[in-house]
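Residues per chain are reported as follows:
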Amino acid sequence: MSATRTVLLIAEREVRQRLRSRLFVWSTLVIALLLSAAAAAPAVIGLFGTDVELPDEPVDPEPVAIAVVGGLAADEQAALEQALGPVELTVVDDVDAVAGLLEQEAISFGIVPGERVLTAATSGFLNLRSFEADRAAEALGLLAALDGDVEQVGTVLGALPLTIEELDAGDVEDEAGRFLAANIGVVFLFGVLILYASMIINGVIEEKGSRVVELLVEAVPVRWLMAGKILGLGLVGLGQVLVLFGPPVAILLVTGGEFVPTGTGGLLGALLLWFVLGYALYAVMAAGLGALVSRPEEAQAVLTPANTLMIVGYFVGFFVIQAPDTTFSRIVAVVPFSAPYAMLVRQAVGDPAWWEIGAAIGLTLLTIVGLTMLAARLYEGGILRVGARVRVRDAWRAARD
Amino acid sequence: MLELHGLHRRFGDVVALDGVDLTVEAGELCGFLGPNGAGKTTAMRCAVGVTEADAGRVTIGGRAVDLEARRRTGYMPEERGLYPRMRVHEQLVYLARLHAMSAADATASADAWIQRLGLADRRDDPVEELSLGNQQRVQLAAALVHDPTLLVLDEPFSGLDPIAVDVMSDVLRERADAGVAVVFSSHQLDLVEDLCRTVAVIAAGRVVLRGDVRALKRASDRRLRLEIDGDDAWLATLPPGVTLAGRRGEELQLVLAPEADAGAVIDAARGAGPLLGVRLEEPKLSELFREAVNGGDA
Ligand SMILES: Nc1ncnc2c1ncn2[C@@H]1O[C@H](COP(=O)(O)OP(=O)(O)OP(=O)(O)O)[C@@H](O)[C@H]1O
Ligand SMILES: [Mg+2]
């Protein structure tokens, strides 16, 4: 049996064991369902929203209730009617009476003729001052300026403003969508990488702890064991990602219309690419480091170096979102440990050259190869030593050449 | 079949193996004995390639231990270990396939061994739910399931009840009769004496006794116990290779070197008076063991 077939056999076992866990399967399905529901929500709400048809113009508008201190001249009333349609005037003695009526919400606003319009106090935060009071103040002001020419007032008030047209300057909507996608991408990548790194290390520790590893090592070269485990969990991870995000993304693409930024397909491709490369990068570290310990409690401590790199990469990713094409961003996007985040972000919101993407992929692949050799050696030197934590140096020396 | 040539292995300052030479032939069932810390486990780990020796060579069928050889080897580690949550049958199939068996053969073989070892009703239970003894049976099945031509078992009998001991003994004997080279370590010398034609004793990292149990016994001192109704004058003329070791009441205890003729001693004794009792005793394996180990220490 060839190396490939053995590695596949080991990977297959990992996949089977994962899929056997009901918690894993069900939680994945439930989350996928929730995400799909969230993705479908805007479209569904839109569906109900368009059903409600507003009448073109209000039939028989209610007269606007207005309090007038003292009384109102006939041309003034005519001007108000030009602006607001029918009005219902209440004559009162003073401003206090207007305040009382405003408080009871019996009137829309009050008028001190030739002087001012009175409305209820509004908070600066929520400006609820009535549109009607504005129109009334405007109409009475115009009336005075036009020497009581009510007709003219009506003409001016009825004049249509020019239409305002938004010119296509840099596609602001699209930018926003891509910005959002970059944010989600970085968070998502970080989440899965952390999750799968800990799945790897727990798998390694389980084999050490249950001592089955001595049987495995007797049958199969240690490197194959490591490769099979990483491949198997990687396939589970990829499958989980597809199940979790495939349906919601598909729903968004179909229903989202203008909300979906252009080039989303390429973005998803980039996300998948950097998931695979990022996973390989961190999984080999987790496997190598995991072989040094025997107890689950020690897992997080021994993973610290890998986790630190992962967290730094994560924050660098957010930094790059703000300024995707500066020199700093261009550098961190090709540096192996930050590349999965930073290049992903640049591909989303920046403008990386093809050779920059190529360099990022190439350097990351080289690092993966180097780390694999390193991790395989630690794995070999550490995997059979159950008990106390093995020092890196000892594991290195214990491995056969 | 399995040959260890001058194996050396140190752990820090501890010398675990100090030049171990050992050959186990096809069809041989060899007991591997030695006091605690003598190096049995280390030697067996080197034999199956789990541990690398600092110096020396391991060959199987005349070739260095390669992947092909490992696939024809069955191993039971001293520290038992299986996937706790994997089911018995599934686990055996997996281990068989890791040893390059086809899926169909692995399934059939796993079922056969499950049947043979009395695990049929636990076939689809997770290993962790089995009793320790039953887990041990699965462990044996794991060593056998891929039909190996070499079996290396580290203390396979420890922790077994008498019935399981019989099953294990039967299986090992049957495998050896089928031409498999079997070597297993044990501290149960009586059991080894019953089961094995050959033994190897290791002490302080060296093989200090090796060979056919019968031949080893014949090559060492025997004990002759005599009760005579007469005086001791005849003892003055004991044949060469015979010495008086002591007496308990009327009973004389004589030690006979391998070449000494017990018949001549008995004849001489009969001249002294009527014989009331005669007992010629071969050494037990445990005595050979003690002698070899203590000699090795000296
Ligand atoms: N991994 C290890 N690290 C350090 N020392 C070890 C290791 N393995 C074995 N030794 C030492 O090597 C020597 C031989 O040990 P080994 O386990 O081979 O003995 P053994 O004959 O199997 O003993 P037992 O009958 O108790 O199982 C012992 O002194 C032991 O302490
Ligand atoms: Mg031992």
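Cut-offs applied
Residues numbered from 1 in each chain as written. Chains lettered and ligands numbered in written order. Predicted model: local features only at pLDDT ≥ 70, side-chain atom pairs only at ≥ 80, totals over all residues. Heavy atoms only, no water. Helix = DSSP H or I, 4+ residues; strand = E, 2+ residues; numbered from the N terminus. Buried < 20%, exposed > 50% of the residue type's maximum accessible area, 1.4 Å probe, protein only. Contact = heavy atoms within 4.5 Å. Areas by Shrake-Rupley, 256 points an atom, 1.4 Å probe, with all protein chains shown as cover. Pairing = 2+ DSSP bridges. Axes fitted to C-alpha atoms, helices over the stretch in contact; angles between N-to-C directions. Near = heavy atom within 4 Å. Polar contact = N/O pair within 3.5 Å; in protein donor to acceptor, adjacent residues only side chain to side chain. Nonpolar A, V, L, I, M, F, W, Y, C, P; charged D, E, K, R; others polar. Parallel < 35°, antiparallel > 145°, perpendicular 65-115°, else oblique. Left-handed = near helix turned anticlockwise from the far one by under 90°. Domains from an automatic or database assignment. pLDDT = per-residue confidence, 0-100. Patch = residues over 30% accessible without salt bridge, like charges linked within 9 Å, V, L, I, M, F, W, Y side chains within 5 Å. Salt bridge = Lys/Arg side-chain N within 4 Å of Asp/Glu carboxyl O. Lys, Arg positive; Asp, Glu negative; His and termini not counted. Charge placed at Lys NZ, Arg CZ, Asp CG, Glu CD. Donors = N, O, S within 2.8 Å, 3.2 Å for Na, K, Ca; no water. Disulfide = S-S within 2.5 Å. Buried area = accessible area lost by both parts, 1.4 Å probe.

## With respect to the overall build of chain A
Secondary structure assignment for chain A yields 15 helices and 4 strands. When each of the 401 residues of chain A is scored for burial, the buried share is 42%. Considering only contacts in chain A between residues 6 or more positions apart, those separated by 24 or more positions represent 72%. Carbon together with sulfur atoms contributes 64% to the accessible area of chain A, which is approximately 21,400 Å² in total.

## What to know about the side chain of Gln136(B)
All names here are of chain B. Locating Gln136 in the fold gives a position in helix 5 (residues 132-144). For Gln136, a relative accessible area of 9% translates into the label buried. Apart from the residues within four sequence positions on either side, Gln136 is in contact with Met76, Arg80, Pro156, Phe157, Ser158 and Leu160.

## Quick look at the sheet that holds strand 1 (residues 64-69) of chain A
Note on sheets: strands pair through backbone hydrogen bonds, and any given pair is parallel or antiparallel. All names here are of chain A. Judged by pairing direction, the sheet is mixed, and its 4 strands sit side by side in the order 2-1-3-4 without closing on themselves. The sheet is open, and its two edges are formed by strand 2 (87-92) and strand 4 (116-118), each paired on a single side. Between one strand and the next, the sheet's axes are offset by a mean angle of 30°, whatever the strand orientation. Sitting on the sheet, helix 3 (residues 74-84) is in contact with strand 1, strand 2 and strand 3 (109-112), with an inclination near 140° to strand 2.

## Remarks on the site of ligand 1
All names here are of chain B. Near ligand 1 you find 14 residues, and of these Gly37, Lys40, Thr41, Thr42 and Glu78 are the closest. Contacts to ligand 1 include Lys40, whose side-chain N or O atom sits 2.7 Å from an oxygen atom. Against a free-state accessible area of 640 Å², the protein chains account for coverage of 64% of ligand 1. Every element with two or more residues in the shell around ligand 1 is listed here: strand 2 (14-24) and helix 1 (40-48). In terms of residue count, the dominant contributor to the shell around ligand 1 is helix 1 (3 residues). Counted by class, the shell around ligand 1 contains 5 nonpolar, 6 polar and 3 charged residues.

## Structural notes on the sheet that holds strand 13 (residues 251-256) of chain B
Residues and elements named next belong to chain B. A sheet is described by the order of its strands in space; here 4 strands give the open sequence 12-13-11-14, paired in antiparallel fashion. The two strands at the open ends of the sheet, each matched to only one other strand, are strand 12 (242-248) and strand 14 (275-281). Averaged over all adjacent pairs, the angle separating strand axes in this sheet is 20°, with direction ignored. Pairing geometry for strand 11 (residues 222-228) and strand 13, over 6 bridges, is antiparallel.

## Examining the packing of helix 3 of chain A against helix 6 (residues 150-158) of chain A
Residues and elements named next belong to chain A. Following both chains from N to C, one finds helix 3 and helix 6 inclined at 20°, their axes separated by 9 Å at the closest point. Considering the angle they form, helix 3 stands roughly parallel to helix 6. Here the hand of the crossing between helix 3 and helix 6 comes out right-handed. In this structure, helix 3 uses Asp75, Ala78, Ala79, Gln82 and Ala83 to contact helix 6, whose residues at the interface are Val150, Val153, Gly154 and Leu157.

## Side note on the domain arrangement of chain A
On domain assignment, one finds that chain A holds domain 1 (3-34 + 173-398) and domain 2 (64-159). Its C-alpha centre places domain 1 of chain A at a distance of 68 Å from the equivalent point of domain 2 of chain A.

## Section: the environment of Ala264(B)
When you line up the elements, Ala264(B) lands in helix 9 (residues 262-272). A relative accessible area of 31% means that Ala264(B) is categorised as partly exposed.

## Details of the pairing of strand 9 (residues 198-203) of chain B
All names here are of chain B. The element strand 9 is largely enclosed, with a buried count of 6 among its 6 residues. Relative to strand 9, strand 3 (residues 29-33) is paired through 4 bridges, and the arrangement is parallel. If you follow Gly31 over to strand 9, its bridge partner there is Val199. What sits between the antiparallel neighbours strand 9 and strand 10 (residues 206-212) is a turn of 2 residues, in which Ala204 has the positive phi angle 50°.

## A closer look at the confidence of the model for chain B
In the predicted model, chain B carries a mean pLDDT of 88, and the fraction of residues at 70 or more is 99%. Predicted complex metrics record ipTM = 0.83 and pTM = 0.75.

## Overview of a negative patch on the surface
Judged by side-chain charge, Asp221(B), Glu259(B), Glu287(B) and Glu291(B) come together as a negatively charged surface patch. Its place among the elements puts Asp221(B) in the loop between helix 8 (213-218) and strand 11.

## Topic: the coordination of the magnesium ion (ligand 2)
Residues and elements named next belong to chain B. Donor atoms from the polypeptide that bind the magnesium ion (ligand 2) are Thr41 (OG1) and Glu78 (OE), placed at 1.9 to 2.2 Å. Placement of the pair is Thr41 in helix 1 and Glu78 in the loop between strand 6 (73-76) and helix 3 (88-98), with a sequence separation of 37 residues. With relative accessibility at 37%, the residue Glu78 sits in the partly exposed group.

## Quick notes on unusual backbone geometry
Residues and elements named next belong to chain B. You will see that Asp147, though not glycine, has its phi angle at about 60°, which is positive. Within the secondary structure layout, Asp147 lies in the loop between helix 5 and strand 7 (150-153). By relative accessible area, which is 43% here, Asp147 ends up partly exposed. Phi is positive for Ala204, which is not a glycine, with a value near 50°.

## Description of the state of the cysteines
All names here are of chain B. Evaluation of the coordinates by the stated rule reveals 0 disulfides over all chains. For Cys46, which is in no disulfide, the shortest distance to another cysteine sulfur is to Cys30 and amounts to 16 Å. Classification of Cys46 as buried rests on a relative accessible area of 4%. Here Cys196 is not cross-linked by a disulfide; its sulfur's nearest cysteine counterpart is in Cys30, at 6.8 Å. Of the residues examined, Cys196 reaches a relative accessible area of 6% and is grouped as buried.

## Remarks on the pairing of strand 13 of chain B
All names here are of chain B. Among the 6 residues that make up strand 13, 6 are buried, leaving the element largely enclosed by the rest of the structure. Burial along strand 13 is two-sided: the residues Glu251, Gln253 and Val255 and Leu252, Leu254 and Leu256 are all buried. Pairing analysis gives 6 bridges linking strand 12 to strand 13, with the strands arranged antiparallel. For Thr243, the partnering residue across the bridge sits in strand 13 and is Val255. The hairpin formed by strand 12 and strand 13 contains 2 residues between the paired strands, and Gly249 there has a positive phi angle of roughly 65°.

## Here's the deal with the interface of chain A and chain B
Across the boundary between the two partners, chain A contributes 25 residues, which contact 29 residues of chain B. Of the roughly 2,700 Å² buried at the junction of chain A and chain B (both faces included), carbon and sulfur atoms supply 55%. Per-residue buried area on chain A facing chain B is highest for Glu214(A), Leu215(A) and Glu218(A); these three make up 26% of the total on that side. For the interface between chain A and chain B, the tally reads 4 salt bridges. A salt bridge links Arg45(B) to Glu214(A); the shortest N-O distance between them is 2.9 Å. Across the chain A-chain B interface, the total number found is 9 residue pairs in polar contact (both at pLDDT 80 or more). Among the elements of the structure, helix 1 (3-20), helix 7 (172-209) and helix 8 (212-219) of chain A are those that each provide at least two residues to the side of chain A that touches chain B.

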